[in-house]
2 protein chains.
Amino acid sequence: MADFSKPKSMVDQIYLSISKAITTGILEPGCRLVEQDLQKDFGVSRAPIREAIRLLEADGLVVVDAYTKKYVRNLTREDLTDNIPVLACLESLAAKLAAEKITPEQIEELEAINREIQHEFTAGNFAQCAALNFAFHRTFLKVADNKALRRAIRSIVKSTMWLWLTTQYYKNNTIIPSSIAEHGLILDAFKRKDTHLVENQVKEHIENVLDRFLKQSKFDTEGRYQFKMPPGHSVNAAPDI
Amino acid sequence: MADFSKPKSMVDQIYLSISKAITTGILEPGCRLVEQDLQKDFGVSRAPIREAIRLLEADGLVVVDAYTKKYVRNLTREDLTDNIPVLACLESLAAKLAAEKITPEQIEELEAINREIQHEFTAGNFAQCAALNFAFHRTFLKVADNKALRRAIRSIVKSTMWLWLTTQYYKNNTIIPSSIAEHGLILDAFKRKDTHLVENQVKEHIENVLDRFLKQSKFDTEGRYQFKMPPGHSVNAAPDI
DNA sequence: TATATTAATGTTGTCGACAATATGTCAAGA
DNA sequence: TCTTGACATATTGTCGACAACATTAATATA
């Protein structure tokens, strides 16, 4: 059957566009979002722009100051440390649920992804590594097959992980090799069908990844993340909020 | 210092009103939300109404069909079963974090709430019991002091617990006494400073509460929850939300 | 009577305009 | 030079209107 999926609504398109611009670092944290400017960019009136911004606000990607001006949210160290145990807890639940029903084929799928990460890393293609990393976690989240869990995890990933994404991919660091090794441990536990071990390995993996990220990241005296624009992106000076 | 908190914006007020109407059962699941009607109810134009509905949509309280009509979401059995392990996982994380830093005064606060639940139950005031139940959990969530965790739990409670609330408070069932007893076990574990035990007691408590709820609830053949309007509420009216 | 066609209605998506408020500029006076 | 106030500008909040589309009712035709 052909795919007759509806064309996305204006609001959805705007939402996705801005969302992507933020999560890829094109729009810097602290950058203002002015409805009139966006209106021109998208060639529509302000109504759909405003609705899209409301959704971004609900996602935590956009914040509003006391005078109702809108800015791209800038994460603080506290935001990240708060999220560590929550994401670790949810991902390990996903792993536990997945472990109870994962098939050999699905384990092979995970292994293939992990090999691909290794491959892209040696090729120096770090952006691709980050993407595949997400794919790895999405895969066993899919096996877990729990909508509420997916929603909860996506919410956290969406509101915080983009930072990790925008910085990791232009730094040749040690995060990726460590991740690959830890994925290997997780896969071993899956193969042994040791649910408890899977749970713990995933929990530790998430904690490690975020801890490593925190250690190599710069925050200012107020705890705000010091954003560095990836090469190849224009910088539009942004007021600090 | 006086409280100069700004008056809430129109959108916030509308959002809160409709939100409350849904979570308390004044607006039934499956009920349509028509912008023109809401416009009249609130005496404003459609723009702020639409923005508020977008937020409700992001919360999962409102769904949109293929023809972009809006309805109050109706939960299915699957929604609830999916949410059980997630909420149990998050609440037990909250309990764990709280156990590490809770003070005797805060434990006393929790005990006071639990005694109050008992008191309201014997007085037959079940609605109040439900509210105090939420207060109990909110209290140690506050002690845990983790914004990300609060956000995640609130999201789940908001999108699903309203149902639990609306039904529990007009039924004289066994849920409340069991909850009170389990709260007692949790309090004992807090007093012993046994973090691990606290974690497990809370996890079991949440699982039990939701399981008991599922058992006494009616679902149609499609798995949709069979809504029953609490007494004292008119069915279609609603506007005073 | 059943079905196809057309008209009327209901509802959402989008637009442009105006009002309200905050911010920035600049000249006059101390 | 520094403050003060008036004015211009920037930005958001809200409104009413229209277009687009789906739904229902009414009508005509077999």
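Everything discussed here concerns the structure shown above.
The structure presented is a predicted model; accordingly, all values stated were derived computationally and were not measured.

(A) Local environment of unusual backbone geometry. Residues and elements named next belong to chain A. With a phi close to 65°, Thr-68 is a non-glycine residue in the positive phi region. Mapping Thr-68 onto the fold places it in the loop between strand E2 (62-64) and strand E3 (70-72). Positive phi values are uncommon outside glycine, yet Lys-193 reaches one of about 55°. Checked against the element boundaries, Lys-193 lands in the loop between helix H8 (175-191) and helix H9 (195-215). Lys-193 gets classed as exposed once you look at its relative accessible area, which sits at 54%.

(B) Looking closely at the sheet that holds strand E2 (residues 62-64) of chain B. Residues and elements named next belong to chain B. One open sheet holds the 3 strands; their spatial order is E1-E3-E2, and the pairing between them is antiparallel. Among the strands making up the open sheet, the edge pair consists of strand E1 (32-33) and E2. Here E2 runs beside strand E3 (residues 70-72); their pairing, made up of 3 bridges, is antiparallel. Within E3, the residue paired with Val-63 across the bridge is Tyr-71. The sheet strands contacting helix H3 (residues 46-59) are E2 and E3, and the helix crosses E2 at an angle near 100°.

(C) Fine view of the sheet that holds E2 of chain A. Residue and element names in this part refer to chain A. In spatial order, the strands read E1-E3-E2; together these 3 strands make up an open sheet with antiparallel pairing. Each edge of the open sheet is held by one strand with a lone partner, namely strand E1 (32-33) and E2. Along the sheet, helix H3 (residues 46-59) contacts E2 and E3; its crossing angle with E2, the most-contacted strand, is approximately 100°.

(D) Focus on the interface of chain A and chain B. Each partner contributes residues to the interface: chain A has 28 residues there, and chain B has 29 residues. Buried surface at the junction of chain A and chain B, both sides included, amounts to about 2400 Å², of which 52% is carbon and sulfur. Sorting the residues of chain A by area buried against chain B places Glu-51, Arg-54 and Arg-151 of chain A first, and these three jointly supply 24% of that buried surface. Here Glu-78 of chain A makes a salt bridge to Lys-147 of chain B, at a shortest N to O gap of 3.1 Å. Between chain A and chain B we count 14 residue pairs in polar contact (both at pLDDT 80 or more) in total. Elements that contribute at least two residues to the side of chain A that touches chain B include exactly H3, helix H4 (77-99) and helix H7 (147-168) of chain A. Looking at the side of chain A that touches chain B, the element that brings in the most residues is H4 of chain A, giving 9 residues. Each residue belonging to the side of chain A that touches chain B can be placed in one class, and the counts come to 12 nonpolar, 4 polar and 12 charged.

(E) Quick peek at the nonpolar core. Counting residues in hydrophobic clusters, the biggest one holds 150 residues, and the most contacted among them are Phe-190 of chain A together with Phe-190 of chain B. Sequence-distant contacts of Phe-190 of chain A, that is, excluding residues within four places in its chain, are made with Ala-95, Ala-98, Ala-99, Ile-102, Ile-107, Leu-110, Phe-140 and Val-198 of chain A.

(F) How the structure looks around the protein's contact with DNA strand C. Around DNA strand C sit 16 residues, and of these Met-10 and Ser-45 of chain A together with Arg-46, Arg-50 and Lys-70 of chain B come closest. Arg-32 of chain B places a polar side-chain atom, nitrogen or oxygen, 3.2 Å from a sugar or linking oxygen of DNA strand C. Taking Lys-70 of chain B, its side chain carries an N or O atom lying 2.9 Å from a phosphate oxygen of DNA strand C. Put simply, the parts of the chain that give the surface near DNA strand C at least two residues each are H3 of chain A together with E1 and H3 of chain B. Among the elements that take part in the surface near DNA strand C, H3 of chain A stands out by supplying 3 residues, more than any other. A class-by-class count of the residues in the surface near DNA strand C yields 7 nonpolar, 2 polar and 7 charged.

Rules and cut-offs
Residues numbered from 1 in each chain as written. Chains lettered and ligands numbered in written order. Predicted model: local features only at pLDDT ≥ 70, side-chain atom pairs only at ≥ 80, totals over all residues. Heavy atoms only, no water. Helix = DSSP H or I, 4+ residues; strand = E, 2+ residues; numbered from the N terminus. Buried < 20%, exposed > 50% of the residue type's maximum accessible area, 1.4 Å probe, protein only. Pairing = 2+ DSSP bridges. Contact = heavy atoms within 4.5 Å. Axes fitted to C-alpha atoms, helices over the stretch in contact; angles between N-to-C directions. Buried area = accessible area lost by both parts, 1.4 Å probe. Salt bridge = Lys/Arg side-chain N within 4 Å of Asp/Glu carboxyl O. Polar contact = N/O pair within 3.5 Å; in protein donor to acceptor, adjacent residues only side chain to side chain. Nonpolar A, V, L, I, M, F, W, Y, C, P; charged D, E, K, R; others polar. Core = buried A, V, L, I, M, F, W, Y, C linked by side-chain atoms within 4.5 Å. Near = heavy atom within 4 Å.

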